[in-house]
Number of protein chains: 6
Amino acid sequence: MVKSLVGKVIRVEMKGEESELVGKLESVDDYMNIHISNAVEYRNGEKIRNLGNLVLRGNNIILIQPYE
Amino acid sequence: MVKSLVGKVIRVEMKGEESELVGKLESVDDYMNIHISNAVEYRNGEKIRNLGNLVLRGNNIILIQPYE
Amino acid sequence: MVKSLVGKVIRVEMKGEESELVGKLESVDDYMNIHISNAVEYRNGEKIRNLGNLVLRGNNIILIQPYE
Amino acid sequence: MVKSLVGKVIRVEMKGEESELVGKLESVDDYMNIHISNAVEYRNGEKIRNLGNLVLRGNNIILIQPYE
Amino acid sequence: MVKSLVGKVIRVEMKGEESELVGKLESVDDYMNIHISNAVEYRNGEKIRNLGNLVLRGNNIILIQPYE
Amino acid sequence: MVKSLVGKVIRVEMKGEESELVGKLESVDDYMNIHISNAVEYRNGEKIRNLGNLVLRGNNIILIQPYE
């Protein structure tokens, strides 16, 4: 389900984190581990900081959706 | 057990989240990862916002039930 | 161990939840995902609400026991 | 490692719980799901209540040890 | 990576616990479940209590390191 | 995705921890368990302490990224 979002900008909520991440989904594996580029951290709708390239561990992802 | 709910509106509680999600269950895989459309976020019975399409990671789901 | 409880009323504690659930165990799979009918939510021994049919994700279960 | 404790009284700490459980280890499977009989719940060294028979989900166990 | 530490004294941080454990690593399996002997519990650098023999569930381990 | 970072300095956020770790990624296995050397713990951008060699359990990792 997530594979169809590769190449698009997504929003991700992680477990136990107050902030959320928005960035371009570069790749995803079978465990839903994802590689995001140009990641930006938001909290309560406000931009916190640029994080650039990062890998998120699949089992700690709560929610992924296309960012419009 | 969850497969029988595909095409129906469900309510989902996620781990470590105060809010809950209601939406149409589009698909579910063997890990209980689910795709929901027309998702709406509720907190204490009040609608918070529309979230549209989203994917929820199965291992962070607490509870799924038909929404009546 | 849980399979012997199918058809009986059980009490379940879920991870990160203050309330507990009591209901009839309809089925359980190899991951301890369980289907409960006539589920009732309790908090500190007081009934909170009827939840009816629901599926609980196995990896977020803390404890299951027969409800006497 | 836990299999050698079957038939003995053990102490178990569960994730996200303030209380701990003491009881006889009846059986354990490959996922460290355990069946305990005569379980007693303790908090800060004080007995809270008898819980009798119960099943604990292996992935939510923090620590198991012989209870002396 | 952890197998090279068998027979040595290690420090372990567990998920959701304020205290940490120090003891001799007796064995470790493929899931990083570990058996520790002569375990001692520390909090903020102070010794809390001796715990003796114990088994820690691998998926709830945050960090393992040699204790020097 | 993480394998390409072996030999480089990375930043890691762990689940349920306020601090973050920076160190050289020595190795990573299929479960994203990682071995870091020269690890340093930071909190709110301030260095807390040197931790040296350590192993982090993959399923409790939230985020890994190159540290620039």
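Along each chain, the written sequence defines residue order, and numbers are assigned to residues from 1. Whichever chain is written first becomes A and whichever ligand is written first becomes 1, with later ones labelled in order. For this predicted model, a pLDDT threshold of at least 70 governs which residues receive local features, and a threshold of 80 or more governs which side-chain atom pairs are given and counted, while totals over whole chains, interfaces and linings are taken from all residues. The basis for the side-chain values is all heavy atoms of the structure; hydrogens and waters are excluded.

A. Highlighting the interface of chain A and chain B. Facing 16 residues of chain A, the contacting portion of chain B comprises 18 residues. Both faces combined, the contact of chain A with chain B buries some 1300 Å², and carbon together with sulfur accounts for 54% of it. Salt bridges are defined by distance alone: a side-chain nitrogen of Lys or Arg within 4 Å of a carboxyl oxygen of Asp or Glu. Linking chain A with chain B are 1 salt bridge, by the criterion used here. A salt bridge links E13(A) to R49(B); its shortest N-O distance comes to 3.8 Å. Starting at the N terminus, helices and strands are each numbered in turn, a helix being any DSSP run of H or I of at least four residues and a strand any DSSP run of E of at least two. At the level of elements, β1 (9-14) and β5 (61-66) of chain A are the ones that each hand at least two residues to the side of chain A that touches chain B. Looking at the side of chain A that touches chain B element by element, the count peaks at 6 residues for β5(A). The contact definition used throughout considers only heavy atoms, calling two residues in contact when any of these lie within 4.5 Å. Accessible area that two parts lose when put together, with a 1.4 Å probe and added across both, is what the buried area reports.

B. Region of the structure containing the interface of chain C and chain B. Counting from both sides, the interface comprises 18 residues of chain C and, opposite them, 16 residues of chain B. Together chain C and chain B conceal approximately 1300 Å² of surface at their shared face, both sides included; 54% is due to carbon and sulfur atoms. For chain C, the biggest contributors to the area lost against chain B are V55(C), R57(C) and N60(C); these three give 42% of the whole. Scanning the region where chain C abuts chain B turns up 1 salt bridge. Distance and chemistry together define a polar contact, namely a pair of N or O atoms within 3.5 Å, with one atom able to donate a hydrogen and the other to accept it when in protein, and with adjacent residues in sequence counting only for side-chain atoms on both sides. Taken together, chain C and chain B are joined by 10 residue pairs in polar contact (both at pLDDT 80 or more). The residue inventory of the side of chain C that touches chain B, partitioned by class, reads 7 nonpolar, 6 polar and 5 charged. We call Asp, Glu, Lys and Arg charged. Ala, Val, Leu, Ile, Met, Phe, Trp, Tyr, Cys and Pro are nonpolar, and the rest, Gly among them, are polar.

C. Structural view of the pairing of strand β4 (residues 46-56) of chain C. Bridge analysis of strand β5 (residues 61-66) of chain B against β4(C) gives 2 bridges, and the strand direction is antiparallel. Considered in β4(C), the bridge of I64(B) is made with V55(C). What makes two strands pair is DSSP finding at least two bridges between them. Examined bridge by bridge, strand β3 (residues 34-43) of chain C and β4(C) share 8 bridges and lie antiparallel to one another. Counterpart to V40(C) in the pairing with β4(C) is N50(C).

D. A look at the relation of the copies chain A and chain B. When the copies are superposed, the least-squares fit draws on C-alpha atoms of residues that have pLDDT of at least 70 in both. Note on the copies: chain A fits chain B at an RMSD of 0.0 Å, the axial shift is 0.0 Å, and the rotation between them is 60°. As the rotation angle and translation indicate, the two copies are arranged about a six-fold axis. Each copy contacts the other with its own distinct surface, as only 19% of the interface residues of chain A are interface residues in chain B too.

E. A look at the relation of the copies chain C and chain B. Mapping chain C onto chain B is achieved by rotating through 60° and translating by 0.0 Å along the same axis, at an RMSD of 0.0 Å. Each copy contacts the other with its own distinct surface, as only 17% of the interface residues of chain C are interface residues in chain B too.

F. Local environment of the pattern of salt bridges. Applying the stated rule across the entire model yields 42 salt bridges over all chains. What you see here is one network of salt bridges that share partners, running through R11(A), E13(A), E20(A), E41(B), R43(B) and R49(B).

G. Representation of the environment of D29(E) within the structure. Residue and element names in this part refer to chain E. Within the secondary structure, D29 is located in the loop between β2 (20-28) and β3 (34-43). Relative accessibility decides the category of a residue: with a 1.4 Å probe and only protein chains considered, values under 20% of the type maximum give buried, values over 50% give exposed, and everything between is partly exposed. Given a relative accessible area of 27%, D29 falls into the partly exposed group. For the pair D29 and R57, spaced 28 residues apart in the sequence, the C-alpha separation amounts to 10 Å. One polar contact links the side chain of D29 to the main-chain amide nitrogen of Y31, over a distance of 2.9 Å. Here N33 takes part through its side chain, which lies 2.9 Å from a polar atom of the side chain of D29.

H. Region of interest: the side chain of R57(A). Relative to the assigned elements, R57(A) resides in the loop between β4 (46-56) and β5. A residue counts as positive if it is Lys or Arg and as negative if it is Asp or Glu; His and the chain ends are not included. An unpaired buried charge is present at R57(A): no salt bridge exists, and D29(F), the closest side chain of opposite charge, is 7.1 Å distant. One polar contact links the side chain of R57(A) to the main-chain carbonyl oxygen of Y31(F), over a distance of 2.8 Å. Of note is the side chain of R57(A), whose polar atom sits 3.1 Å from the backbone oxygen of G58(F).

I. Highlighting the pairing of strand β3 (residues 34-43) of chain B. Residue and element names in this part refer to chain B. Bridge analysis of strand β2 (residues 20-28) against β3 gives 7 bridges, and the strand direction is antiparallel. Across the sheet, residue L25 finds its bridge partner in β3, namely I36. Two successive antiparallel strands, β3 and strand β4 (residues 46-56), enclose a turn made up of 2 residues, where N44 displays a positive phi of approximately 50°.

J. Layout of the confidence of the model for chain A. pLDDT is defined as a per-residue confidence score from the predictor, taking values between 0 and 100. Averaged over every residue, the pLDDT of chain A is 96; the share at 70 or more is 100%. As a predicted assembly, this complex carries a pTM of 0.94 together with an ipTM value of 0.93.

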